[in-house]
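# Coordinate analysis (summary)
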Amino acid sequence: MKFGTYLFEAKKVPGFDFDLFRVKPEVGRRLPPIADMYSNIAIFGDNVTARNHPDWISQSPLGPAWRTNDNFNVRWDILCATQPEHRAEQLDYIEDVSKHSPGIWLNSIHFADHGHCTCARCNELWKKSGLSWFEWRRKEVTNYIAQIRERVKNELVIGLLPDPVNSYERFGINFDDLAPYADAFNVVMFSKNYATPWYWEMLCRAFKKLLKKPVYVSFYVFGPGDNPAEVPAPSELVTLSVRAGRTGIDGILYLADKASQIWDFQKAVVDRVELRQKLKTYGCQEVLDFFASWEKVVE
Ligand SMILES: [Zn+2]
């Protein structure tokens, strides 16, 4: 297994195999890539572009994909996945970022959710395709990823939302279509608490079974603007990591706003001596060895 940070700040943290920097998160702001951090780019979830081009927002029978539309689990504004100017601009942007960092980890590569997108252009493209609605969406998503693959000469990792069953109907994603273009997949499993690790362990097993490339999962440590009393307890993350690790996944990333929050997390994990001892019978010594390696890092 490999272990990485997943940071909104351009700062590496000692004690990890690699670091991923949120060059362009879904809020749409862009920061320069870092030569020794992988670059995370959200494509269609993009509040800044949605504000500048409100007519590019994804449409559906249940309304547009503004983050205020409670019919969907949209946490940010999501653009139509066939908007040609945005697609072209993002291709150039992704290529440029890839040249200034070791590789690209993508988020938000797909249609907003079920029923999207019903804008005039999408309706026309769908009818012209002669395909079913779902198959047309699948083709749009896959073809765009193929175009991105041609532009990215180094590592390309495709981010997925944690739905192993309905990603095709909801987002236009076919896992097998995307596997040839991906060096790995990253399934984001963000939550403000992990009190019941059983569910996350099940999702890890499901994705490991389905995906034909290495599987990373990303866990939530501390998000921008979070109240410290409302983030996952370090002990939950320790248990969760061991239980995820024993499913055979290939790596874990830890999300935080600042590098210092990862540092605090490392110190807290090192302090959880009894818990780490108790987890020795859980069947994933590799994760425990990784946590133990921090004893030297945080000294
Ligand atoms: Zn559309």
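Please refer to the structure higher up on the page.
Quick summary incoming for the structure in this document. Quick caveat: nothing in here was measured; it's all calculated off a predicted structure.

Okay, the sheet that holds strand β3 (residues 38-42) next. As a general point, the strands of a sheet are linked pairwise by backbone hydrogen bonds and lie either parallel or antiparallel. Read around the barrel, eight strands follow the order β1-β2-β3-β4-β5-β6-β7-β8 and close on themselves; strand pairing throughout is parallel. Here the average twist between neighbouring strands, direction ignored, is 30°. Sheet topology places strand β5 (residues 155-160) next to strand β6 (residues 184-188); four bridges connect them, and they run parallel. Paired with G159 across the bridge in β6 is N186.

What follows is about the pairing of strand β8 (residues 251-256). Taking burial as the measure, the six residues of β8 include six buried ones, the bulk of the element. Burial of β8 is two-sided: the residues G251, L253 and L255 facing one way and the residues I252, Y254 and A256 facing the other way are all buried. Of the pairings in the sheet, the one linking strand β7 (residues 215-222) to β8 comprises six bridges and is parallel in character. Bridged to V217 within β8 is I252. Between the parallel pair β7 and β8, the chain is carried across by helix α8 (residues 234-245), and the sense of this crossover is right-handed.

Here we take up a nonpolar patch on the surface. A cluster of nonpolar side chains, W198, Y199 and M202, forms an exposed patch at the surface whose accessible area comes to about 360 Å². The residue W198 is located in helix α7 (residues 197-210) in this model.

Put simply, H116 and C117 share a cis peptide bond, and its omega is 0°. Looking at the secondary structure, you find C117 in the loop between β4 (103-107) and α3 (120-129). Phi angles above zero are rare outside glycine, and S108 is one such case at about 55°. The residue S108 is located in the loop between β4 and α3 in this model.

Cut-offs and rules
- Residues numbered from 1 in each chain as written.
- Predicted model: local features only at pLDDT ≥ 70, side-chain atom pairs only at ≥ 80, totals over all residues.
- Heavy atoms only, no water.
- Pairing = 2+ DSSP bridges.
- Helix = DSSP H or I, 4+ residues; strand = E, 2+ residues; numbered from the N terminus.
- Axes fitted to C-alpha atoms, helices over the stretch in contact; angles between N-to-C directions.
- Buried < 20%, exposed > 50% of the residue type's maximum accessible area, 1.4 Å probe, protein only.
- Right-handed = clockwise from strand over helix to strand, strands pointing away.
- Patch = residues over 30% accessible without salt bridge, like charges linked within 9 Å, V, L, I, M, F, W, Y side chains within 5 Å.
- Areas by Shrake-Rupley, 256 points an atom, 1.4 Å probe, with all protein chains shown as cover.
- Salt bridge = Lys/Arg side-chain N within 4 Å of Asp/Glu carboxyl O.

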